[in-house]
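A structural walkthrough
Letter by letter, the chains look like this.
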Amino acid sequence: MERNRTALVLGATGGIGGSIAAALARHGWQVRGMARNLATARNAGAARIEWVEGDAMQRADVVRAAQGVSVIVHAVNPPNYMNWEQLVLPMIDNTIAAAREADRARVVLPGTIYNFDPATTPVIHAHAEQRPKSRKGAIRVALEQRMEQAAPDIPALILRAGDFFGPGVRASWFAQAMVAPGKPLRRIIDPARGGGHSWAYLPDLAETFARLVDIPERLHPFEVLQFQGLWDDDGTQMVEAIRRVCDGRRLPVRGFPWWLMRLAAPFGGFAREAAEIAPYWRHPVRLDNARLVELLGEEPRTPLDSAVETTLARLGCLDTLPQPR
């Protein structure tokens with residue numbers, strides 16, 4: 001009997017959701033995306049997506065969009081990353097309900113490191129204790145607990161990764177803090193406060209998701225994996241890669257104003273979010289990908305300079321576009 005290879009991607013207009021949708025399409029999946037505004041979605045999303053109208057906060061919409069799928073990628077976040085307390089858990093509840101109606105489709109989640117205390121968890125593995133230190137981290141723990149409680153009736157895959165960078169990723173530390181999108185690079189802002197930081201090049205992460213859902217028979221009913229990505233062991237590799245890509249220029253490096261974030265945190269907004277995440281730049285947190293390598297044989301990995309060059313080019317930060325390799 002031929003296996004169902006239709007996937008619903010929630011959040012397919014975003015960076016991670018769009019990248020996973022494109023990777024699934026390359027692997028021969030029929031990909032469906034749900035969006036509140038279809039015209040905007042068709043302009044922004046991957047070319048080979050079947051779009052349906054709906055809202056992730058409306059259970060009936062998600063159930064309808066998930067009809068006939070075997071995988072639901074839950075890559076949706078609250079609009080503008082606001083109101084997490086009110087929106088995140090109802091959205092995963094809707095996704096789980098839709099998976100149940102779709103003959104127990106597998107729910108796939110891009111995970112984060114914010115479920116853990118970086119001061120006491122230098123290495124994250126599948127069974128590392130989750131002791132979040134931020135509001136969003138606590139919500140992410142509750143979200144994953146909902147998925148675990150639904151398993152094995154509703155199979156789940158969580159793939160955890162570090163900070164994203166890559167083409168199409170604008171809501172990231174790389175794009176929002178280290179460089180200025182749309183401007184030739186003249187300086188680098190370095191958030192590092194010590195050795196060790198985990199980065200995830202989005203095309204590699206998306207390819208990993210696609211390879212994993214291609215082998216459902218090898219996955220546990222509740223599978224939690226770590227994507228190692230770029231482990232910047234001394235906190236300088238990303239900065240040096242940016243310099244190399246910019247013809248080896250010794251671009252000036254300025255430190256990120258963490259002190260200002262602490263002062264402004266009580267007023268909310270970006271400053272509060274940055275202050276909560278500061279410990280992940282102070283304490284090294286590495287992701288153990290042993291189980292991932294056991295399943296796939298290797299972790300997809302683009303050479304760092306090539307990944308950084310492509311990212312900077314797509315952000316409009318290079319004086320000249322890179323030549324095809």
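Below is a short write-up of the structure. (Residues numbered from 1 in each chain as written. Predicted model: local features only at pLDDT ≥ 70, side-chain atom pairs only at ≥ 80, totals over all residues. Heavy atoms only, no water.)

1. Topic: the pattern of salt bridges
Summed over all chains, the structure comprises 20 salt bridges. As a salt-bridge pair, Glu144 and Arg160 come within 2.8 Å of each other at their nearest N and O atoms. Within this pair, whereas Glu144 is found in helix α5 (residues 135-150), its partner Arg160 is found in strand β7 (residues 156-160), the two being separated by 16 residues in sequence. We classify Glu144 as buried; its relative accessible area is 5%. Since its relative accessible area comes to 2%, Arg160 is described here as buried. Across the pair Arg301 and Glu299 runs a salt bridge whose closest N-O atoms are separated by 2.9 Å. The exposure class assigned to Arg301 is partly exposed, which follows from its relative accessible area of 46%. (Salt bridge = Lys/Arg side-chain N within 4 Å of Asp/Glu carboxyl O. Helix = DSSP H or I, 4+ residues; strand = E, 2+ residues; numbered from the N terminus. Buried < 20%, exposed > 50% of the residue type's maximum accessible area, 1.4 Å probe, protein only.)

2. Some remarks on the sheet that holds β7
Taken in spatial order, the seven strands line up as β3-β2-β1-β4-β5-β7-β11 in an open sheet, and their pairing is parallel. For this open sheet the edge positions go to β3 (49-53) and β11 (222-226), each flanked by a neighbour on one side alone. Averaged over neighbouring strand pairs, the angle between their axes works out to 20° when direction is ignored. Strand direction decides the pairing type here: strand β5 (residues 106-111) and β7, joined by five bridges, are parallel. Bridge pairing in β7 places Gly111 opposite Arg160. Most of the contacts of helix α1 (residues 15-26) go to strand β1 (residues 6-10), to which it runs at about 165°, and overall it touches β1, β2 (30-35), β3, β4 (71-74) and β5. Those strands touched by helix α7 (residues 202-213) are β4, β5, β7 and β11, and its axis lies near 155° from that of β7. (Pairing = 2+ DSSP bridges. Axes fitted to C-alpha atoms, helices over the stretch in contact; angles between N-to-C directions. Contact = heavy atoms within 4.5 Å.)

3. Focus: helix α4 (residues 84-101)
Counted at 1.5 Å a residue, the expected span for α4 with its 18 residues is 26 Å, and the 26 Å between its end C-alpha atoms agrees. Listed as buried for α4 are Trp84, Leu87, Val88, Leu89, Met91, Ile92, Asn94, Thr95, Ile96, Ala97, Ala98 and Ala99. In this fold, the buried residues of α4 make contact with β1, α3 (59-65), β4, β5 and α5. Immediately beyond the C-terminal end of α4, within one or two residues, lies Asp103, with a positive phi of roughly 60°. (Expected span 1.5 Å × (residues − 1).)

4. Quick word on the pairing of β2
In terms of burial, β2 is a largely internal element, five of the six residues being buried. Direction of pairing for β1 relative to β2: parallel, over a ladder of five bridges. Bridge pairing links Thr6 to Gln30 in β2. Handedness of the crossover is the feature at issue here: the chain leaves β1, passes through α1, returns alongside β2, and the resulting connection is right-handed. In terms of strand pairing, β2 meets β3 through five bridges, oriented parallel. Among the inter-strand pairings, Gly33 is bridged to a residue of β3, identified as Trp51. (Right-handed = clockwise from strand over helix to strand, strands pointing away.)

5. Some thoughts on the nonpolar core
Counting 44 residues, the largest nonpolar core has Phe165, Phe174, Met178, Met238, Ile242, Val308 and Leu312 as the members making the most contacts within it. When contributions to this core are tallied by element, the ones reaching two or more residues are α6 (173-178), β9 (188-190), β10 (197-201), α8 (237-245), α9 (258-264), α10 (269-277), α11 (279-282) and α13 (304-315). What Leu312 contacts, discounting residues up to four positions off in sequence, is Phe174, Val179, Leu185, Ile242, Val245, Cys317 and Leu318. (Core = buried A, V, L, I, M, F, W, Y, C linked by side-chain atoms within 4.5 Å.)

6. Examining the packing of aromatic side chains
Inspection of the entire model under this criterion finds eleven aromatic pairs. On the basis of an interplanar angle of 80° and a centroid distance of 4.9 Å, the ring pair of Tyr114 and Tyr280 is categorised as edge-to-face. Here Tyr114 is found in the loop between β5 and β6 (123-124), whereas its partner Tyr280 is found in helix α11, with 166 residues between them in sequence. When the ring of Phe165 is compared with that of Trp199, the centres are 6.1 Å apart and the planes differ by 90°; the resulting orientation is edge-to-face. Pair noted here: Phe165 is in strand β8 (residues 163-165) and Trp199 is in strand β10, with a separation of 34 residues, a long-range link. Trp199 shares its class with Phe165; the two are buried. Through a chain of ring-to-ring contacts, the aromatic side chains of Phe165, Trp173, Phe174, Trp199, Tyr201, Phe256, Trp258, Phe270 and Trp281 assemble into a single cluster. (Phe/Tyr/Trp six-rings, centres within 6.5 Å; stacked < 30°, edge-to-face > 60°.)

7. Things to note about the side chain of Glu223
Note on placement: Glu223 falls in strand β11. Here Glu223 falls in the buried class, since its relative accessible area comes to 3%. There is a polar contact of 2.9 Å between the side chain of Glu223 and the side chain of Arg291. Once residues within four sequence positions are removed from consideration, Glu223 is found in contact with Ala156, Leu157, Ile158, Arg218, Arg291 and Leu295. (Polar contact = N/O pair within 3.5 Å; in protein donor to acceptor, adjacent residues only side chain to side chain.)

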